[in-house]
Amino acid sequence: LRPEGWLGETGGPRYVQLRQRLERGIESGILPPNSSLPPEREIAEITELSRVTVRKAIQELVREGLIEQRQGSGSFVREPMSRMEQSLSHLTSFTEDMAQRGMETTSRWLERGVFLATRSEIDALGLDAGAEVARIYRLREAGGRPIALERASLPLDILPNPLEVTTSLYEVLERRGQRPVRALQKISAINLEPREADLLNVPEGAAGLSIERTSYLASGRVAELTRSLYRGDAYDFVAELRL
Ligand code: 16G
């Protein structure tokens, strides 16, 4: 980090140069995942830059998701998320998808109960105005890492007691003989809202994928309307196309 040899090399504001210097250190592995950065004061001393400049460079790295600040213990290089490939051709559940990879799933419950249906739930699930729905909203984790935020809404006769869902929704539906057999999915690119980003442990505004699944029972009835927000750095969706 000594200033001779790099400062002034690329031009531009000094905080940008320092940020680029640190980025190169992370990319090249000189600063490996989970290693700590020296304290701001020390970086300022070595680089002969002001603390304001150092702080600005670090803040940008935090925003980019390369560095995270852990309360009371400083700045660390983040572990890059290994990406997972998810096939788009099978109607599987999150629990099943993760089990196939040998990963265990956990849920952090954000909402689970019976609620007055919103307009979009009424439309999607074909309910009457004023009807109630079963709604489950949770942070889905696999291998101890947050992967997706998922809000599912189901007609009450399909899921009368949402509290019954402790791990897998599809398992409960299967037991009730109401497992969906077909689904439509819409995938859109989004930027995660501050609260969503916080729960998914990514920087505010980070890229995410929003997936809306409407699934159907064999009878043709809509069983589920679910919106999942996936971390953009975690998932690749793959589909096979045939002529
Ligand atoms: C998947 C589905 C979601 C379904 C959930 C059931 C996508 C995009 N969404 O996350 O619609 O409700 O699986 O999972 O794949 P569970 O049985 O593990 O609760």
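Reading guide: rules and limits
- Residues numbered from 1 in each chain as written.
- Predicted model: local features only at pLDDT ≥ 70, side-chain atom pairs only at ≥ 80, totals over all residues.
- Helix = DSSP H or I, 4+ residues; strand = E, 2+ residues; numbered from the N terminus.
- Rg over C-alpha atoms; globule rule 2.2 N^0.38 Å.
- Buried ≥ 20, exposed ≤ 12 C-beta atoms within 10 Å, placed from the backbone.
- Contact = placed C-beta atoms within 7 Å.
- UniProt positions renumbered as here; feature names shortened; annotations may be inferred.
- Domains from an automatic or database assignment.
- Axes fitted to C-alpha atoms, helices over the stretch in contact; angles between N-to-C directions.
- Parallel < 35°, antiparallel > 145°, perpendicular 65-115°, else oblique.
- Left-handed = near helix turned anticlockwise from the far one by under 90°.
- Near = placed C-beta within 6 Å.
- Core = buried A, V, L, I, M, F, W, Y, C linked by C-beta atoms within 7 Å.
- Pairing = 2+ DSSP bridges.

Caption draft 1: Main features of the overall build of the chain. Looking only at helices and strands, the chain features 7 helices and 10 strands. Computed over its C-alpha atoms, the radius of gyration of the chain comes to 23 Å, more than 25% above the 18 Å expected for a compact globule of 243 residues. Along the three orthogonal principal directions, the C-alpha set of the chain runs to about 70 × 45 × 30 Å. Counting all 243 residues of the chain, 25% fall into the buried class. In the chain, the share of contacts with a sequence separation of at least 24, taken over all contacts with a separation of at least 6, comes to 61%.

Caption draft 2: Spotlight on the UniProt feature "domain: HTH gntR-type" (unreviewed entry) in the chain. Here the UniProt feature "domain: HTH gntR-type" (unreviewed entry) sits at residues 12–80. The straight-line gap between the two end C-alpha atoms of residues 12–80 is 28 Å; of that span, 54% is helix and 12% is strand.

Caption draft 3: Summary view of the domain arrangement of the chain. By domain assignment, the chain separates into domain 1 (14–77) and domain 2 (84–238). Spacing between the C-alpha centres of domain 1 and domain 2 amounts to 37 Å.

Caption draft 4: Broad picture of the packing of helix α1 (residues 14–28) against helix α3 (residues 51–64). Running from N to C, α1 and α3 cross one another at 50 degrees; their axes reach a closest spacing of 8 Å. One way to sum up the angle between α1 and α3 is to call them oblique. Along this stretch, α1 crosses α3, giving a crossing that reads as right-handed. Packed against α1, whose contacting residues are Arg14, Tyr15, Leu18, Arg19 and Leu22, the element α3 presents Thr53, Val54, Lys56, Ala57, Glu60 and Leu61 at the interface.

Caption draft 5: Highlighting the environment of Thr105. Relative to the elements of secondary structure, Thr105 occurs in strand β4 (residues 105–116). Taking the C-alpha atoms as reference points, Thr105 and Ser168, 63 residues apart in sequence, are found 9.2 Å from one another. Beyond its immediate sequence surroundings of up to four residues, Thr105 is in contact with Phe94, Thr95, Met98, Arg140, Glu141, Ala142 and Thr167.

Caption draft 6: Examining the site of the ligand more closely. Surrounding the ligand, one finds 14 residues, the nearest of these being Ser93, Thr95, Ser168, Leu169 and Tyr170. Residue assignment for the shell around the ligand shows that the elements contributing at least two residues are α4 (94–100), β6 (145–155), α6 (169–175), β8 (207–216) and β9 (222–231).

Caption draft 7: Spotlight on the nonpolar core. The biggest cluster of nonpolar side chains holds 14 residues, and the ones touching the most others in it are Ile147, Ala148, Leu192, Leu200, Leu229 and Tyr230. Those elements that provide at least two residues to this core are α4, β6, α7 (194–200) and β9. Counting residues per element, this core draws most heavily on β6, which supplies 3 residues. For Tyr230, the contacting residues outside a window of four places in its chain are Ile147, Ala148, Gly208, Leu209, Ile211 and Tyr235.

Caption draft 8: Spatial organisation of unusual backbone geometry. Despite not being glycine, Asn34 shows a phi value in the positive range, around 75 degrees. The topology assignment puts Asn34 in the loop between α1 and α2 (40–47). Residue Glu48 is not a glycine yet carries a positive backbone phi of 60 degrees. Position of Glu48 relative to the elements: it lies in the loop between α2 and α3.

Caption draft 9: Expanded view of the sheet that holds strand β5 (residues 132–142). The 6 strands lie next to each other as β4-β5-β6-β9-β8-β7, forming an open sheet whose pairing is antiparallel. Either end of the sheet is taken by a strand with one partner, and the two such strands are β4 and β7 (182–191). Adjacent strand axes in the sheet meet at a mean angle of 15 degrees, parallel and antiparallel pairs treated alike. Relative to β9, β6 is paired through 6 bridges, and the arrangement is antiparallel. Its bridge partner being in β9, Arg151 is matched across the sheet by Arg227.

Caption draft 10: Representation of the environment of Glu193 within the structure. Note on placement: Glu193 falls in the loop between β7 and α7. Distance in space between the C-alpha atoms of Glu193 and Ala206 is 8.4 Å, their sequence separation being 13 residues.

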